[in-house]
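Structural description and commentary
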Amino acid sequence: MAVIRGSTLLSRLPFLSYRMIVYPFCLSIALILINVMGGSIDLPITNNDAQRDFNTALGTSLISGYFLLTIRFVHRNLASSLYAILVIKNQQSLFKHYNKEIAQSFKRHVVWCVSIGFLMPVVYMVSEGVIERINEPEVIVVAITAIPFWFLMSLFFIEVYASNKLLRKLTCSHELSPSSQIELIRKVLNVGLTSATIILSGTALMPIFWINQPVHFFDLLFISCLLGFVALFLMWPLFTLIFKLNSLSEKVFEENENLISNYIKSNNAKVESSFIEKKITEQELYTHALTPSHYKKLITCIIPLPFSWLLFLLIESILVV
């Protein structure tokens with residue numbers, strides 16, 4: 001999304017396009033080539049420092065492209081979900097207002113993340129003792145190519161947090177009927193679960209950093225902070241929405257049961273028949289708070305992390321042999 005101008009930030013639907021894929025792919029390839037020319041990606045790997053440089057260079061190059069792709073996808077997903085929510089609330093006229101607000105926030109986030117992008121490579125080198133090798137060309141190349149990694153990753157997390165917070169804020173609409181509130185919350189859950197899947201899939205690429213290497217203290221702290229962010233700012237709000245969704249579903253079910261009972265007692269058979277049929281259909285729609293799509297996304301959230309670690313252990317065992 002970093003290449004989308006503010007005025008058109010929310011103007012497209014959230015489907016992967018050629019441009020969405022080609023820019024991140026080119027970024028990863030360019031970073032890999034820079035590291036190859038700088039000597040940080042070089043075969044055969046002769047010592048522990050070379051292995052560490054290789055892992056860091058390859059990992060940051062691949063994950064930088066991944067986060068560029070996902071930032072663009074998150075914004076497109078936000079665009080369609082935001083408009084759908086405003087349609088439910090009959091507030092489509094506010095779309096341009098939110099468009100402008102998000103574009104302005106995005107510009108501020110970029111400034112913050114540029115600072116993070118330049119600061120974090122220095123923090124990493126100092127905390128892990130790599131600063132002692134700063135005179136080696138491959139270390140300088142790794143540090144420079146790590147700037148896009150830290151910039152894009154921090155921008156991704158900030159954008160995910162901001163977009164989900166905005167959509168959750170829009171679910172606070174007591175003037176809507178319970179069934180409309182259910183539709184709102186379901187759409188926000190879709191966005192939240194998609195964001196969680198993207199984050200955990202990105203985390204699944206992290207073991208690249210530790211091929212034939214121990215998990216260093218800084219890496220452990222970083223992963224703990226990342227998982228803490230997901231749990232506190234993404235998953236916990238989603239769980240609270242699920243609790244609210246269950247409550248609304250029960251409310252709709254009870255209201256419909258009472259209405260159906262009242263109409264059965266009435267004498268107007270025509271009104272009774274059509275109304276009861278409508279309410280029964282509504283009950284079927286809202287009996288279960290979560291849809292099959294939500295359950296699929298929950299499963300998709302869980303799969304990447306254990307799968308990546310199993311693959312990592314398999315690769316390590318092959319390399320050791």
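Residues numbered from 1 in each chain as written. Predicted model: local features only at pLDDT ≥ 70, side-chain atom pairs only at ≥ 80, totals over all residues. Heavy atoms only, no water.

Along the protein chain, the regular secondary structure elements total 9 helices and 0 strands. Order of helices (α) and strands (β) in the protein chain, N terminus to C terminus: α-α-α-α-α-α-α-α-α. Buried positions account for 47% of the 321 residues belonging to the protein chain. Across the protein chain, the fraction of contacts at a sequence separation of at least 24, relative to all contacts at a separation of at least 6, is 83%. When the accessible area of the protein chain is evaluated, it comes to approximately 16,900 Å², of which 67% is carbon and sulfur surface. (Helix = DSSP H or I, 4+ residues; strand = E, 2+ residues; numbered from the N terminus. Buried < 20%, exposed > 50% of the residue type's maximum accessible area, 1.4 Å probe, protein only. Contact = heavy atoms within 4.5 Å. Areas by Shrake-Rupley, 256 points an atom, 1.4 Å probe, with all protein chains shown as cover.)

This paragraph deals with the packing of helix H3 (residues 95-127) against helix H4 (residues 137-170). Running from N to C, H3 and H4 point in directions that differ by 145 degrees, and their axes come no closer than 7 Å. Our pair here, H3 against H4, has a crossing hand that is right-handed. Here the contact of H3 with H4 is built from residues that sort into 23 nonpolar, 3 polar and 2 charged. (Axes fitted to C-alpha atoms, helices over the stretch in contact; angles between N-to-C directions. Left-handed = near helix turned anticlockwise from the far one by under 90°. Nonpolar A, V, L, I, M, F, W, Y, C, P; charged D, E, K, R; others polar.)

Right, let's talk about H4 for a bit. The end-to-end C-alpha separation of H4 is 51 Å, in line with the 50 Å expected for 34 residues at 1.5 Å each. The largest bend in H4 is about 30 degrees, located at Ala146, with the proline Pro148 one to four residues further on. (Expected span 1.5 Å × (residues − 1). Bend = angle between axes of the 7 residues up to and from the residue.)

So, on to the packing of aromatic side chains. Counting across every chain of the model gives 14 aromatic pairs. Both rings, one in Tyr124 and one in Phe218, keep their centres 5.1 Å apart while their planes meet at 80 degrees; by these two values the pair is edge-to-face. With Tyr124 in helix H3 and Phe218 in helix H6 (residues 217-265), the pair connects residues that are 94 residues apart, well separated along the chain. Summarising the aromatic geometry, the rings of Phe229 and Phe233 are spaced 5.6 Å apart at their centres and angled 45 degrees between planes, so their arrangement reads as tilted. Linking Phe229 with Phe233, this pair stays in helix H6, spanning 4 residues, or about one helical turn. (Phe/Tyr/Trp six-rings, centres within 6.5 Å; stacked < 30°, edge-to-face > 60°.)

A few words on H3. With 33 residues, H3 ought to run about 48 Å at 1.5 Å a step, and its terminal C-alpha atoms sit 45 Å apart, in line with that. By the largest-angle criterion, Leu119 marks the main kink of H3, which is about 30 degrees, and a proline, Pro121, follows within four residues. Immediately beyond the C-terminal end of H3, within one or two residues, lies Gly129, with a positive phi of roughly 75 degrees.

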